[in-house]
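Notes for the structure review
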Amino acid sequence: MNTMKWLLRREFWEHKGGFVWAPLIAAAIMVVLVAGVVGYGVGADKFQGDSVTVRVNGEEVHRTQMSVLATGHTRTEMANVAANNYMAVGAPIFIVLPVVAFFYCLAALYDDRRDRSILFWKSLPISDTTTVLSKLLTALVLAPAITIGIASAAAFVILLLAGIAVSAQGVNLFAPVLSNINLYLSPVYLLAMIPVYVLWALPTAGWLLLVSSWAKSKVFLWAVGVPLIVAVLLKWLDYMLALYGTTINADWIINNVLETMLLGLVPGAWFMDGGTALPVRAQYGADMLSLLGASWGSLARPEAWVGAAGGVAMIVAAIRLRRWRDEG
Amino acid sequence: MNAAISARNLSKKYGKQTAIDGIDFEIPAGRIVGLIGPNGSGKTTTLKAALGLIPFDGELRVMGLDPRTQRDALMQDVCFIADVAILPRWLKVRDAIDFVAGIHPRFDRTRAERYIANTRLKPEMKVKQMSKGMIVQLHLALVMAIDAKLLVLDEPTLGLDILYRKQFYQNLLEDYFDENKTIVITTHQVEEVEHILTDLMFIRDGKIVLAASMDEVGERYVEVMVPADKVNAANALQPIDQRTVFGKSVMLFDGVSRAQLSALGETRNPSVADLFVATMKGTYA
């Protein structure tokens with residue numbers, strides 16, 4: 001247990017740049033942009049006055065102020081939407097995660113062979129199993145947790161900035177938003193999706209770690225090239241077989257096997273290709289509770305477990321290969 | 001358990017290339033063994049087999065364990081430097097000490113810090129900012145602070161200046177070594193280690209050509225300064241090597257009695273380097 005703690009720390013030392021600084025910089029850019037827009041708007045009085053204008057055929061028929069529209073029930077409703085959906089603005093930060101995690105997994109069992117430092121790690125009482133598992137935990141649990149933390153903080157700051165913008169129009173939503181329990185629960189709901197993420201990401205993580213452990217060089221080419229070439233071959237075979245009126249279902253294999261081997265690290269991959277339907281309430285925003293429910297619901301799909309089993313098998317193979325790998 | 005390492009018919013092939021050719025040897029516990037051989041003779045391969053880093057044929061026991069199947073248990077008692085200057089570039093001195101202290105139950109932090117204090121390393125320094133010699137200093141400080149039963153050093157002082165090399169071997173003998181420990185060293189700088197060795201092993205083309213304690217070596221091999229008039233008599237005793245210094249022949253004899261040889265001229269114990277050169281004659285022929 002103690003060994004695992006230090007191995008995770010070790011990964012953190014080496015990959016702080018990818019797992020902390022990259023999402024942090026993305027978050028900082030977003031916050032600065034929004035703050036600039038809000039600051040400009042408030043400073044230049046852009047949010048004041050006749051915000052809502054109704055035109056018919058280009059002719060103005062009705063003008064009114066936001067503050068007049070947003071009263072009572074509407075305000076509560078707005079606050080509710082904001083508190084439930086504000087995490088959606090953190091979405092760009094979640095795009096950083098799969099990219100960083102992809103290259104992390106590819107390098108995890110390869111870089112120390114290339115620079116020969118594997119001989120140092122192997123001179124310490126650490127089993128290959130513990131080493132590989134520490135890398136898996138880093139990619140599938142630690143990295144998403146850090147991303148969720150940073151994205152939540154960024155989304156919260158942007159929500160406050162939006163609150164300032166709206167209050168400049170005379171609508172003060174701070175009290176109803178800040179007292180809405182979902183505001184604080186949304187990050188927790190996201191954290192509760194990590195187990196689902198782990199299961200869906202296992203095939204990709206397993207495949208990348210396997211290549212990382214096995215390849216003597218050019219890990220990226222092996223990891224991406226092999227599935228691509230297999231996809232082309234399947235398509236070709238399917239085309240040839242079509243002449244005889246039969247098929248091997250190439251598209252199904254490509255969508256279900258090859259895609260899960262390469263795209264599993266994308267958060268919410270289980271919603272891709274309509275695999276699991278997005279809950280209605282989440283379609284126009286990101287209602288975290290319904291997303292959480294649908295995500296756990298995705299585990300009822302057998303392919304989640306078949307994929308995870310395949311991922312585990314590849315991780316076991318990666319550990320075995322690591323046993324006799326030294327430099328080069 | 002009295003043998004730290006014992007090998008029976010140990011072989012290793014890389015494709016068609018034979019790196020180790022069915023060797024037998026035994027290294028008792030509590031010794032400092034020099035494993036000496038020319039480049040490509042199989043030293044590193046032998047050590048890697050013993051450390052469970054590569055598969056091999058034959059039988060090999062290290063601290064009573066099979067390095068192929070019991071490596072995790074083995075690494076509790078064994079430490080090694082497989083090659084120098086291979087620490088990861090992003091590692092800081094402070095983190096390196098924290099990490100090994102956290103991982104290794106036999107690591108003595110104060111000892112590591114004492115070794116580091118004798119160098120120009122600073123706690124916040126990263127490996128990529130260090131000179132090659134400094135990386136070796138850090139690596140040695142970490143390894144020397146681990147109270148391992150078997151320490152394997154493959155060319156541990158490459159890239160170090162002579163001041164530090166001398167100090168390192170002195171520390172190794174006075175500070176680190178005791179009768180419960182076994183140390184195996186390979187190096188090309190034989191003259192620097194010969195005074196600390198208790199045993200000598202010469203390896204050539206994947207075969208052990210000499211395995212003896214330093215005492216046995218001292219009894220078996222004698223070097224004689226032979227004046228010109230006695231060269232023929234000396235040649236009759238079949239010296240294994242011969243060179244000329246200031247007009248006198250210096251001959252090296254294997255297993256000829258010292259009394260017999262002292263009649264021919266002044267006798268002395270050969271240096272390991274001279275013995276090595278004599279034994280390895282024709283290696284690159």
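Turning to helix H9 (residues 181-191) of chain A, a few remarks are in order. Residue and element names in this part refer to chain A. For H9, the set of buried residues is Ser186, Tyr189 and Leu190. Seen along its axis, H9 keeps its buried residues to an arc of 90°; they face one direction. In H9, those exposed residues whose orientation departs by more than 90 degrees from the buried face are Ile181 and Tyr184. Against helix H7 (128-167) and helix H14 (288-297) lie the buried residues of H9.

At the junction of the two partners, chain A supplies 20 residues and chain B supplies 21 residues. Contributing elements (two or more residues each) for the side of chain A that touches chain B: helix H1 (2-43) and helix H6 (118-121) of chain A. When residues in the side of chain A that touches chain B are grouped by element, the largest group, 6 residues, is from H1 of chain A. Taken together, the residues that form the side of chain A that touches chain B break down as 8 nonpolar, 5 polar and 7 charged.

Attention now goes to the domain arrangement of chain B. Interface extent is often summarised as the accessible area lost during association of the parts. All names here are of chain B. Taken domain by domain, chain B consists of domain 1 (3-205) and domain 2 (217-279). Taken over C-alpha atoms, the centre of domain 1 sits 35 Å from the centre of domain 2. Each side of the interface is counted separately: domain 1 has 6 residues, and domain 2 has 6 residues. Where the side of domain 1 that touches domain 2 is concerned, the elements lending two or more residues are helix H7 (190-193) and strand E8 (199-204). Residues that form the side of domain 1 that touches domain 2 fall into these classes: 4 nonpolar, no polar and 2 charged.

Residue and element names in this part refer to chain B. In terms of nonpolar packing, the biggest core is built from 92 residues, with Val62, Val78, Ala141, Val152 and Val184 touching the most fellow members. The element contributing the most residues to this core is helix H5 (residues 132-144), with 9 residues. Residues lining this core come from more than one domain, with at least three contributed by each of domain 1 (3-205) and domain 2 (217-279). Beyond its immediate chain neighbours, meaning those up to four positions away, Ala141 contacts Ala112, Tyr115 and Ile116.

The next thing to look at is the pairing of strand E3 (residues 32-36) of chain B. Two faces make up the sheet, and in a regular strand the side chains alternate between them. All names here are of chain B. Burial within E3 is extensive, with 5 of its 5 residues counted as buried. Neither face of E3 is open: one carries Ile32, Gly34 and Ile36, the other Val33 and Leu35, and all of them are buried. As paired strands, E3 and strand E7 (residues 182-186) are joined by 3 bridges and run parallel to one another. Bridge assignment links Val33 to a residue of E7, and that residue is Val184. Where E3 and E8 come together, 4 bridges link them in parallel fashion. Within E8, the position partnered with Ile36 by the bridge is Phe202.

Residues of chain B with pLDDT of at least 70 account for 98%, and the chain-wide mean is 90. Confidence estimates for the predicted assembly give a pTM of 0.89 and an ipTM of 0.90.

Residues and elements named next belong to chain B. One can describe the packing of helix H3 (residues 93-103) onto helix H4 (residues 109-117) by two numbers: an axis separation of 10 Å at closest approach and a directional angle of 155°. For the element pair H3 / H4, the angle class is roughly antiparallel. Like other packed secondary-structure pairs, H3 and H4 cross with a definite hand, here right-handed. The segment H3 lies against H4, with Val93, Ile97 and Ala101 engaging Arg109, Ala112, Glu113 and Ile116. Grouping the constituent residues of the contact of H3 with H4 by class yields 5 nonpolar, no polar and 2 charged.

Quick look at the confidence of the model for chain A now. Per-residue confidence for chain A averages 86 on the pLDDT scale, and 88% of its residues sit at or above 70. Per-residue pLDDT, averaged within each element of chain A, yields its smallest value for helix H2 (residues 66-69) of chain A (57) and its largest for helix H10 (residues 194-214) of chain A (95).

Residue pairs spaced three or four apart in an α-helix point in one direction, given the helix's 3.6 residues per turn. All names here are of chain B. Within helix H11 (residues 272-279), the full set of buried residues consists of Val272, Leu275 and Phe276. Each buried residue of H11 sits inside an arc of 100° when the element is viewed along its axis, so together they form one side. Its buried side turned inward, H11 meets E3, H7, E8 and strand E10 (221-226).

What follows concerns the sheet that holds strand E4 (residues 57-62) of chain B. Residue and element names in this part refer to chain B. What the 3 strands build is an open sheet, ordered E2-E1-E4; its pairing is antiparallel. Because the sheet does not close on itself, it has two edges, and the strands there are strand E2 (17-28) and E4. Neighbour to neighbour, the strand axes of the sheet diverge by 15° on average, direction disregarded. Where strand E1 (residues 3-14) and E4 come together, 5 bridges link them in antiparallel fashion. For Arg8, the partnering residue across the bridge sits in E4 and is Glu59. Across the sheet, helix H1 (residues 43-50) touches E1, E2 and E4, and the angle it forms with E1 is around 120°.

A few words on the sheet that holds E8 of chain B. Residues and elements named next belong to chain B. Sheet architecture is open: 6 strands sit in the order E5-E6-E7-E3-E8-E9, paired in mixed fashion. The outermost strands of the open sheet, each flanked by one partner alone, are strand E5 (78-81) and strand E9 (207-213). Each strand axis lies, on average, 15° off the axis of its neighbour in the sheet, ignoring direction. Contacts between H11 and the sheet are confined to E3, E8 and E9, with E8 contributing the most and set at about 30° to the helix.

With that settled, consider the environment of Val78 of chain B. All names here are of chain B. Following the sequence through the fold, Val78 ends up in strand E5. The class of Val78 is buried, set by 26 C-beta atoms lying within 10 Å. In the structure, Val78 is positioned 179 residues away from Ser257 in sequence and 41 Å away in space, judged by C-alpha atoms. If we ignore the near neighbours within four places in the chain, the residues touching Val78 are Leu51, Val62, Met63, Ala148, Lys149 and Leu150.

Attention now moves to the pairing of E2 of chain B. All names here are of chain B. Pairing between E1 and E2: 8 bridges, direction antiparallel. Bridge pairing links Lys13 to Thr18 in E2. Linking E1 back to E2 in an antiparallel pair, the connection comprises 2 residues, with Gly15 at a positive phi of about 65°.

Procedures and definitions
- Residues numbered from 1 in each chain as written.
- Chains lettered and ligands numbered in written order.
- Predicted model: local features only at pLDDT ≥ 70, side-chain atom pairs only at ≥ 80, totals over all residues.
- Buried ≥ 20, exposed ≤ 12 C-beta atoms within 10 Å, placed from the backbone.
- Helix = DSSP H or I, 4+ residues; strand = E, 2+ residues; numbered from the N terminus.
- Arc of directions from axis to C-beta.
- Contact = placed C-beta atoms within 7 Å.
- Nonpolar A, V, L, I, M, F, W, Y, C, P; charged D, E, K, R; others polar.
- Domains from an automatic or database assignment.
- Core = buried A, V, L, I, M, F, W, Y, C linked by C-beta atoms within 7 Å.
- Pairing = 2+ DSSP bridges.
- pLDDT = per-residue confidence, 0-100.
- Axes fitted to C-alpha atoms, helices over the stretch in contact; angles between N-to-C directions.
- Parallel < 35°, antiparallel > 145°, perpendicular 65-115°, else oblique.
- Left-handed = near helix turned anticlockwise from the far one by under 90°.

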